[in-house]
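A closer look at the structure
Chain by chain, the residues:
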Amino acid sequence: MLPGATVGLLFGVWLFQQQPRLWSLGVWLCWLLVLALSGLFAHRSASAGARFHSYPSLFRKLFVILLIAALGFAWAQLRAWHRLQAQLPAACEQQVIALQGVIVGVPERDARGQHVDVAIERSFNTDCPLPKRVRLHLYQQSYRGGAATASAALPQLQAGERWQWRVRLKRPHATRNPHGFDYAGWSLANQIGAGGSIVSKAPMRRLQTLVWQPAALIAYWRAGVGERIEKVLGSTPQSAVLRALVIGDDSQIARADWQLFVDTGVNHLVSISGLHITMLASLGYVFVGWLWRLRPGWALYIPSRVAAGSGGALVAIAYATLAGFSIPTQRTLFMLLTMMAMLGLKHRVPFSWVLSAAVWVVLMLDPWAVMAPGFWLSFGAVAVLAFALGGRLRPARWWHNALQTQWVITLAFVPVLILLFNQLSVISPLANGLAIPVVSLAVVPLAIAGAILPLDFLLHLAATLWAWCAHGLYWLRQWPGAVWYLPTPPLWAWCLAMVGMLVWLLPRGWPLRWAGLVLWLPLFLPAQAGMQPGQMRVTILDVGQGLSVLVQTARHSMLYDAGPAYNEQSDAGQRIVLPYLRHLGVRQLDTAVISHDDNDHSGGMASVLAGVPAVKLLSSLTPEADFFRQMQALPYAPALPHQSCYQGQQWQWDGVTFRVLSPSQDATADVKDNDKSCVIKVTSAHGSLLLTGDIEKEAERWLVAATPDQLAATVITMPHHGSKTSSTLGFINATQPAIAIATAGYLNRFGHPKAEVTARYEAQGTQVLRSDRDGAVLIDFLSGRQPVVRRWRQVEPRYWE
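Residues numbered from 1 in each chain as written. Predicted model: local features only at pLDDT ≥ 70, side-chain atom pairs only at ≥ 80, totals over all residues. Heavy atoms only, no water.

When you go through the protein residue by residue, the secondary structure sums to 26 helices and 26 strands. Relative to the 2.2 N^0.38 estimate, which gives 28 Å for 801 residues, the radius of gyration of the protein is 29 Å and therefore close to what a compact globule would have. C-alpha atoms of the protein, sized along the principal axes, occupy 95 × 75 × 60 Å. Taking all 801 residues of the protein together, 49% fall into the buried category. In the protein, the proportion of contacts linking residues at least 24 apart, taken out of those at least 6 apart, comes to 71%. Within the structure as shown, the protein displays about 37,700 Å² of accessible surface, and the carbon and sulfur contribution to it stands at 62%. (Helix = DSSP H or I, 4+ residues; strand = E, 2+ residues; numbered from the N terminus. Rg over C-alpha atoms; globule rule 2.2 N^0.38 Å. Buried < 20%, exposed > 50% of the residue type's maximum accessible area, 1.4 Å probe, protein only. Contact = heavy atoms within 4.5 Å. Areas by Shrake-Rupley, 256 points an atom, 1.4 Å probe, with all protein chains shown as cover.)

The structure is reproduced here in structure tokens:
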């Protein structure tokens, strides 16, 4: 019955995490009444069945599962309510607050500054109670790249220190897009109640260099281990990977290297993964068991099996401590320790019960685990291997067992990887077959030993082994067709593929076993229904303080801008735009447009074009723009014909007309960069869209004078994100939009969109939408004269918002 109860628990906890809001007491009372009536019905059904000497009633079993699901739902809500109470009050956002805290994570450093996790000890503003843990940033470079504070003038923040600062905080807020990462949900799961910046111009006091608290001491130890690795190996790709494997800090891994790991399917190895913890625990088990065999008398006090299990558990706990006890590491550790305890029982327990007990422990401690792909992949891998390889009459040879395990895992997770990541790595079995033994059995143990002990040669040996492994991965990545990108399949197609996977995993000799793979075919169907000529779909993505718009016709796609670059390793193109394009199954852009040379519009385009090529680039950029340097730095720089945008350019795709309205072809060099933005009007049979970039008053006046009869549009992106320097009354009257969309970051420092600007649009009867409040805006121009508008925060509401 335990596996059935586990299914109920899983369903209840998962169902709660999909809720748009916490349930009220009235709703709970109604559900308690429903449960009571269901229990009464199940009891009567079971009594009736007993009179006819039947098996225990199915209704009674279903009621138990339903009851467990309800209890799991209630437990998850109770934990969520408690954690949400600890978040920063909304009224305290962006206030300057004096606080005292301890750095409890390894500091991350990049070109823009330093980033630390801080445990709050004291708030000097009694009106603003602070969460227990926040993420703070000490910036030495401004948003646009200029120096805000000389790096020499800023203190170097170190793990384990106690500080007093003045800070500006925000509640966790996510950009919300289809198939996008939810930072707010991740922050809730990781107990981060707020994030913000340290006021660099205010006094900063270091009160203590090392605080004698467990979290601070662990952080200090981890930082020291990381510094030793970097000191011995230098700032090399091998050093960055070893830091990730030993202390769980992957912030120094270059973007190109991460892409290599993702494309070859070994990214799960370049972190503190469950596989590494399990391998090290196994080594600890074997080593302690060997010691006990050398000293038989020790078994009189502690049985060898208990000693070996305890040794393996201690090694796993030590490695998790070195990794900083991150939430994924805790999940893996709880799972491993529970399974070791269950398997160590004197009485034989079915493996399904062992796995079920591990699920119960993990979900009781961390109800947010169901939101993490790693939870499903970890438990799914163990369950699949038990289902596919269990019940053998005789053990297979070790090499045959290893090959079959890799083969089973690879094929079994094809539907899951397509659903979660829109990617299928054909070379993954070979890459993992190479990397798993090298990394788990050699690189990780050598790196840990070399980092903790004063034996530099061990670190050099681990780095050399990893370098050889990376060369092999790079060679595999060069194979043609090594990686396939597929659109997110419909739910029915994915469920059918999972049934096919289970059929394929049935024992050898089962009739039509291989026919299960035929049920995978719907995974490769187009994700969206096709459009007719004259129709178009528009997505204004939520990229924070920036702009990115995808326009799709029946057979063509245009991307207008790609959002900002956040730092050297991350940008909106990589994190938001590219995943969305792959979610839709867009394999090529017919035109990529960069409106002008501002980071919040051009910063992410190089990453997009590295993953999804474009036939041509249309922009107002000069050859000296940063974008072209970014393109040249790409490992596989695609050929990209470039054409300057200017008034009068026009083309038509599938009955939809694209017309460039600005800038003028004879615009002089003294024109502001914002006013050089490519302004494009897109006209379909069912409405029109005006893309305005960052134009300001002068460009607006020129447009009204030069093209007064071409400006009217159904939907408009607010010029310059709703800045007070744009959206003049004359421009609004000329465009007459039914919908105006401001793309702005949450509580952005510019104050976009300005209240007087939104009031100006609303006074003309225009509906104003904002990406910081509405998330991505999806607009379908498919029929009639009024488009269908969907706001992603309404389509997928979440209780933590």
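Inspection of every chain in the model, using the stated rule, returns 23 salt bridges. Arginine 176 is the salt-bridge partner of glutamate 801, the closest N and O atoms lying 2.7 Å from each other. Taken together, the residues span a long stretch of sequence, with glutamate 801 in the segment after α26 (792-795) and arginine 176 in the loop between β5 (162-170) and α4 (183-189) at a distance of 625 residues. One salt bridge connects arginine 243 with aspartate 249, and the closest N-O pair in it is separated by 2.5 Å. Of the two residues examined, arginine 243 and aspartate 249, each falls in the buried class. Via salt bridges that share partners, Arg176, Asp542, Arg793, Glu796, Arg798 and Glu801 belong to a single interconnected network. (Salt bridge = Lys/Arg side-chain N within 4 Å of Asp/Glu carboxyl O.)

One way to put it is that helix α11 (residues 351-365) packs onto helix α12 (residues 373-389) with a least axis distance of 11 Å and a crossing angle of 175°. On the basis of their axis angle, the class for α11 and α12 is roughly antiparallel. Listed contacts from α12 to Phe351, Leu355, Ala358, Val359, Val362 and Leu363 of α11 are Phe375, Phe379, Val382, Ala383 and Ala386. Class assignment of the residues belonging to the contact of α11 with α12 gives a composition of 11 nonpolar, no polar and no charged. (Axes fitted to C-alpha atoms, helices over the stretch in contact; angles between N-to-C directions. Parallel < 35°, antiparallel > 145°, perpendicular 65-115°, else oblique. Nonpolar A, V, L, I, M, F, W, Y, C, P; charged D, E, K, R; others polar.)

With that settled, the discussion passes to the environment of isoleucine 192. Structurally, isoleucine 192 can be placed in the loop between α4 and β6 (194-198). With 59 residues separating them in the primary sequence, isoleucine 192 and arginine 133 have C-alpha atoms 5.4 Å apart. Leaving out residues up to four positions away in the same chain, isoleucine 192 has contacts with Arg133, Val134, Arg135, Pro172, Trp186 and Ser187.

Quick look at the packing of aromatic side chains now. The description of an aromatic ring pair uses the distance of the two centres, along with the angle that the planes make with each other. On inspection of all chains with the given rule, the structure shows 18 aromatic pairs. Residues phenylalanine 16 and tyrosine 799 carry aromatic rings whose centres are separated by 4.7 Å and whose planes lie at 40° to one another, so their mutual orientation is tilted. Of this pair, phenylalanine 16 sits in helix α1 (residues 2-17) while tyrosine 799 sits in the segment after α26; the two residues are 783 residues apart in sequence, bridging distant segments of the chain. You'll find phenylalanine 16 and tyrosine 799 in the same group, each marked buried. Ring pairing ties together the aromatic residues Phe16, Trp23, Phe73, Tyr799 and Trp800, which thus form one cluster. If you follow arginine 582 out to its NZ or CZ, it ends over the ring of tyrosine 485, 3.6 Å from the centre. If you follow lysine 616 out to its NZ or CZ, it ends over the ring of tryptophan 651, 5.1 Å from the centre. (Phe/Tyr/Trp six-rings, centres within 6.5 Å; stacked < 30°, edge-to-face > 60°. Lys NZ or Arg CZ within 6 Å of the ring centre and 35° of its normal.)

Now for the sheet that holds strand β26 (residues 788-791). The strand order β17-β16-β15-β12-β11-β10-β25-β26 describes an open sheet built from eight strands, whose pairing is mixed. Every other strand in the sheet has two partners, leaving β17 (642-644) and β26 as the edge strands with one partner each. Within the sheet, the average angular offset between the axes of one strand and its neighbour, ignoring direction, is 15°. Note that strand β16 (residues 617-619) and β17 share three bridges and pair parallel. Across the sheet, residue leucine 618 finds its bridge partner in β17, namely glutamine 643. Of the strands in this sheet, β10 (536-540), β11 (549-552), β12 (557-560) and β25 (777-781) touch helix α18 (residues 572-584), which is tilted by about 20° from β11. (Pairing = 2+ DSSP bridges.)

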